[in-house]
Each structure stands twice: as C-alpha cells, then as structure tokens.
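Secondary and tertiary structure notes
The lines below spell out each chain.
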Amino acid sequence: MELEIREYCEADLPGMAEIWNAIVEQGDSFPQEERMALNRARAFFQQQTFSGVAVDETGALQGLYILHPNNVGRCAHIANASYGVRPGCRGYGVGERLVRHSLKMCARFGFRGLQFNAVVCTNRAAIHLYEKLGFTRLGVTPEGYRMKDESFQDLWLFYKRVT
C-alpha cells in the first residue's frame, strides 16, 4: 500500500475523529472513555506539537498519530506519542510507518527521546513493533489499565533515544 504521511489539515479532522473514536470504543488501548466530537477533535489535534496522518493513493485516511512533550519544564525534551490505524487496515505496516515518521519528527522538534507511558500488555502488535524498532521496556504499572470489560491489565513503559 502506498502511503503519504504528512501533517494533518482541516479536511482530515472527520476521519481522524472516526479513527480515534473507534479505538476509544474498543476499550483496550487508549485511556479515554468518551468519544470526541469534531470541535473537540479540532482543539485536541491542534494543541499537539505535531499531528500526522497517513493517506493512501486514493487520499483515504488510513492512520494518524500525535506527538507532544511527555511532561513539562525540565522534562519537556522527551516526547510522547499515540498512534491509530483504521480498523481493517491493520497488519499492513501503517503503524510502523507512523512510528518511524514520529521518530523523525521528534528529532525535528528537538526531542531527545520518545517514551510511551501506557502500552497495555495485551497489545501484542504494538509491543512487537516497539521492540522491533529498538524501544526498551522500562517497567510495568501493575493493573494500570481498566479494560472495557472492567478487568485490569498491566501497562508497560517503553523508551527510545532519538538521535
């Protein structure tokens, strides 16, 4: 699949909200519980350091990511990111391309590393990808994530230095 990864534009917002909301509704990876209406999505994606989208050769939105500081002040040089791939498009390398692009954007924006604070231990595809790309698992927050079915799963933290 041919993909272009670029900064989002206004026309992308409905598709971005759709992908984000589908992941939220799954209840197994994003911490949010409420759907994002278009106005809220607009504000949310605007406030990020970078919001990127993956579009295929037809112009259809296949994925997205957000990039922002993981913390403030003296810790703002480490980035955090979230990724979303359209259901039905998973398993075709879209997520890997998004992560690789975000690492380039980290360098562009002066971040020295990329940290994931909340990777649910059951998210095997994400874990496999992060390990493949050289991220280090830093630790675990026991039962740090409440699944949609109300069970609890561990959260794993990952980090990669950006050069």
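Residues numbered from 1 in each chain as written. Predicted model: local features only at pLDDT ≥ 70, side-chain atom pairs only at ≥ 80, totals over all residues. Heavy atoms only, no water.

On to the sheet that holds strand S1 (residues 3-7). The mixed open sheet is built from seven strands, whose spatial order is S1-S2-S3-S4-S5-S7-S6. This sheet does not close on itself; its edge strands, each paired only once, are S1 and strand S6 (136-146). Direction aside, the axes of adjacent strands within the sheet are offset by 25° on average. One ladder, built from six bridges, connects strand S2 (residues 50-56) with strand S3 (residues 61-69); its direction is antiparallel. Each bridged residue has a counterpart across the sheet, and for Phe50 the counterpart in S3 is Leu67. (Pairing = 2+ DSSP bridges. Helix = DSSP H or I, 4+ residues; strand = E, 2+ residues; numbered from the N terminus. Axes fitted to C-alpha atoms, helices over the stretch in contact; angles between N-to-C directions.)

On to the pairing of strand S5 (residues 113-120), then. The buried fraction of S5 is high, at six of eight residues. Across two bridges, strand S4 (residues 78-85) lies against S5 in parallel orientation. Note on S5: the bridge partner recorded for Ala79 is Leu114. Each parallel crossover has a hand, and for S4 linked through helix H3 (residues 94-108) to S5 it is right-handed. (Buried < 20%, exposed > 50% of the residue type's maximum accessible area, 1.4 Å probe, protein only. Right-handed = clockwise from strand over helix to strand, strands pointing away.)

On to the pattern of salt bridges, then. Summed over all chains, the structure comprises eight salt bridges. The shortest N-O distance in the salt bridge between Glu96 and Arg100 comes to 2.9 Å. Placement of both Glu96 and Arg100 in helix H3 is noted, with a separation of four residues, approximately one turn of the helix. Residue class for Glu96 comes out buried when judged on its relative accessible area of 19%. With a relative accessible area of 42%, Arg100 lands in the partly exposed category. (Salt bridge = Lys/Arg side-chain N within 4 Å of Asp/Glu carboxyl O.)

Here the focus is the side chain of Asp56. Of note, Asp56 is situated in strand S2. One buried charged side chain, Asp56, makes no salt bridge at all; its nearest oppositely charged neighbour is Arg86, positioned 7.6 Å away. Aside from chain neighbours lying at most four places away, what touches Asp56 is Met1, Glu2, Leu3 and Gln62. (Lys, Arg positive; Asp, Glu negative; His and termini not counted. Contact = heavy atoms within 4.5 Å.)

Time to look at the packing of H3 against helix H4 (residues 124-132). Between H3 and H4, the shortest axis-to-axis distance is 11 Å and the interhelical angle comes to 45°. Judged by the inter-axis angle, H3 sits oblique to H4. Relative to H4, the crossing made by H3 is right-handed. For the pair H3 and H4, contact is made by Gly95, Glu96 and Val99 and by Leu129, Tyr130 and Lys132, respectively. Of the residues contributing to the contact of H3 with H4, the split by class is three nonpolar, one polar and two charged. (Parallel < 35°, antiparallel > 145°, perpendicular 65-115°, else oblique. Left-handed = near helix turned anticlockwise from the far one by under 90°. Nonpolar A, V, L, I, M, F, W, Y, C, P; charged D, E, K, R; others polar.)

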